[in-house]
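# Structural characterization, general
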Amino acid sequence: MELAQVRLLVTDFAACYRFYDEVLGLKPQSGAADGPYEKFSAATGAAGVALQDRVMMAEVLGELGETATGHRSLVVLRVDDLDAYCEQITARGAALLHGPAPMTERMRVAHLKDPEGNLVELQEWLLLRT
């Protein structure tokens, strides 16, 4: 078994596409900025984050027709230099909710939200530093 992706069901596809592409700097697979689906990948690693228009999935599962409330997901991205990355993304429009700050003795984190309110955690693994 292989994890292919984490998929977020979104209502404002264009705003979320811009956030993951232009603000976080992930690479879109096809360039489908208008949706209804796009997968994003980091420069390294196999895991990806995908966006899918919530209406499209609601056609398959009717219960998804209602607006999502509360925090239902957390996208986690590992970066090599948390301070530098946070500086870059705030210059591109991101608003940090927390951090950069230590989470444990082995990890520093920062948190923000995408345009749909999904939480994004940025991690810097201190044990990987040389």
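Residues numbered from 1 in each chain as written. Predicted model: local features only at pLDDT ≥ 70, side-chain atom pairs only at ≥ 80, totals over all residues. Heavy atoms only, no water.

### Digging into the packing of aromatic side chains
Applying the stated rule across the entire model yields four aromatic pairs. Taken together, a centroid distance of 5.1 Å and an interplanar angle of 85° make the contact between phenylalanine 19 and tyrosine 20 edge-to-face. Judged on exposure class, the residue phenylalanine 19 and its partner tyrosine 20 are both buried. Ring geometry for tyrosine 20 against phenylalanine 40: centres 6.1 Å apart, planes inclined by 40°, an arrangement best described as tilted. Placement of tyrosine 20 in helix H1 (residues 13-23) and of phenylalanine 40 in strand E3 (residues 37-41) is noted, with a sequence separation of 20 residues between them. When sorted by exposure, tyrosine 20 lands in the same class as phenylalanine 40, which is buried. In this structure an aromatic cluster arises from ring pairing among Phe13, Tyr17, Phe19, Tyr20 and Phe40. Over the aromatic face of tryptophan 125 sits the side chain of arginine 78, whose NZ or CZ is 4.9 Å from the ring centroid. (Phe/Tyr/Trp six-rings, centres within 6.5 Å; stacked < 30°, edge-to-face > 60°. Buried < 20%, exposed > 50% of the residue type's maximum accessible area, 1.4 Å probe, protein only. Helix = DSSP H or I, 4+ residues; strand = E, 2+ residues; numbered from the N terminus. Lys NZ or Arg CZ within 6 Å of the ring centre and 35° of its normal.)

### Description of the sheet that holds strand E4 (residues 48-53)
Here we have four strands laid out as an open sheet, ordered E1-E4-E3-E2, and mixed in their pairing. Unpaired on one side and paired on the other, strand E1 (6-10) and strand E2 (27-28) mark the two borders of the sheet. In terms of strand pairing, E3 meets E4 through five bridges, oriented antiparallel. Pairing of phenylalanine 40 across the sheet is with valine 49, part of E4. (Pairing = 2+ DSSP bridges.)

### A few points about the sheet that holds strand E5 (residues 74-78)
Pairing is mixed across the open sheet formed by four strands, whose spatial order is E5-E8-E7-E6. At either margin of the open sheet sits one strand with a lone partner, and together these are E5 and strand E6 (96-104). Neighbouring strand axes in the sheet, compared pairwise and without regard to direction, differ in orientation by 20° on average. The sheet contact formed by E5 and strand E8 (residues 119-125) spans five bridges and is parallel. From the neighbouring strand, leucine 77 faces E8, where its bridge partner is leucine 122. (Axes fitted to C-alpha atoms, helices over the stretch in contact; angles between N-to-C directions.)

No statement about biological role is implied by the geometric values presented.
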